[in-house]
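These are the residues of each chain, in order.
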Amino acid sequence: MQFLDILLNLRHEMEELRKRALLIFNPIAGEKRSLRLMPEVIKRMTESGYICTALTTTGRGSATEIAAEHGAENDVIVCSGGDGTANEVIRGMMQIPQENRPLFSYIPTGSTNDFADALEIPTDVNEIIDNITQGDIVPIDTGLFNDRYYAYVCAFGAFTDASYSTSQLQKNIWGSLAYFIKGISSIKDIKPIRARFTLDNKEVVEDDFVFCSISNSKIIGGIIRLNPGWVDMNDGKFEILLIKYPKNGVELGKIVNAITTRELKSCELIRIFSASDILVESLGEKNIDWTLDGEGETDVKTAHVINMHSSIRTFVNRQNRM
């Protein structure tokens, strides 16, 4: 009996030395691709020396609950789904004290994966696991929108409506093209959104807008692409993109041309700033409907957006350091 106790204690000590991974899968993302990848991910992570706990989301908000409740018990959280799933996981992780906060990794299986593109995450699951086991660990910024955390973008206006009004069927069939078609066509239907922006308690910008994004990403909504040289995911600042409301067809054409050619700074109706602390006040008759990583945050009178510098640590390929 004493010998058996020694073996059990030895096994326990060996398990304590192994790293633990919490795997969170969205079972409906990307035509259930996430669910199909689950066995291979568990296999690869186990072969790499991790003790894995795999859970699936059960509805909106469940990934946040899982990450907040079980994250501190693990060395890394790996989530598989779309940007909405990544958003929920990061919101849960931000509820954990930073000294106990696990590492974050993301297997993109949604219809558009702007956050994964910003992180330069490969599409092949084996390469993603290689990143976790062999890549470098880097910190990245996240955002705080009033009292709600987000991963990489909060926005309002034409293109944001496309991110959550486009049906899942359209997303599955057309991918990012569905967002582009919906977003471009919606510009003419958006009424002017009057807002005042106070950037880092200094610069004030007030006008009628058709779109705004406060982001830490090179791609927004699968539609708008910023110059990669403008974006540093760990510089403590967000990029603020403001598109003024077009007064006629000529101005609308200029906006569409700037977006499609990616020459954003060439258009006088588009302004780009960088800031760490952004106060946005609605000056119109109606409050503003926002999206955070594609998830709705409606009827907001005042939004205070703060860059949470180096709040999450993630993995990158050593050859593609951000």
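(A) Broad picture of the nonpolar core. By size, the foremost hydrophobic cluster in this structure holds 86 residues, and its most contacted members are F115, F197, I214 and W290. Ranked by the residues each element gives to this core, the list is headed by strand β9 (residues 203-215), at six residues. Discounting chain neighbours no more than four positions away, the residues touching F115 are D83, A86, I90, F104, Y106, I140, A151, Y152 and M233.

(B) Focus on the side chain of N307. Looking at the secondary structure, you find N307 in strand β17 (residues 302-316). Using a relative accessible area of 9% as the deciding quantity, one classes N307 as buried. In this structure the side chain of N307 is engaged in a polar contact, spanning 3.3 Å, whose partner is the backbone nitrogen of H309. Setting aside chain neighbours within four positions, we find N307 in contact with D141, T142, G236, K237, F238 and S276.

(C) Geometry of the packing of helix α2 (residues 33-47) against helix α6 (residues 125-134). Look at α2 against α6: their axes get within 10 Å of each other, and the N-to-C directions meet at 30°. The chirality of how α2 crosses α6 is right-handed. Contact residues: α2 offers L37, E40, V41, R44 and M45, while α6 offers V125, N126, I129, D130 and I132. Taken together, the residues that form the contact of α2 with α6 break down as six nonpolar, one polar and three charged.

(D) Helix α10 (residues 249-261), seen in detail. Counted at 1.5 Å a residue, the expected span for α10 with its 13 residues is 18 Å, and the 18 Å between its end C-alpha atoms agrees. Burial in α10 covers these residues: E251, I255, A258 and I259. Viewed along the axis of α10, the buried residues span an arc of 95°, placing them on a single side of the element. Residues of α10 that are exposed and point more than 90 degrees away from the buried face comprise G249 and V250. Its side-chain oxygen 3.1 Å from the backbone nitrogen of V250, N248 forms the N-cap of α10. Note on α10: the residue one or two positions beyond its end, R262, has a positive phi of about 65°.

Rules behind the numbers
Residues numbered from 1 in each chain as written. Predicted model: local features only at pLDDT ≥ 70, side-chain atom pairs only at ≥ 80, totals over all residues. Heavy atoms only, no water. Core = buried A, V, L, I, M, F, W, Y, C linked by side-chain atoms within 4.5 Å. Buried < 20%, exposed > 50% of the residue type's maximum accessible area, 1.4 Å probe, protein only. Helix = DSSP H or I, 4+ residues; strand = E, 2+ residues; numbered from the N terminus. Contact = heavy atoms within 4.5 Å. Polar contact = N/O pair within 3.5 Å; in protein donor to acceptor, adjacent residues only side chain to side chain. Axes fitted to C-alpha atoms, helices over the stretch in contact; angles between N-to-C directions. Left-handed = near helix turned anticlockwise from the far one by under 90°. Nonpolar A, V, L, I, M, F, W, Y, C, P; charged D, E, K, R; others polar. Expected span 1.5 Å × (residues − 1). Arc of directions from axis to C-beta.

Keep in mind these values describe shape, not function.
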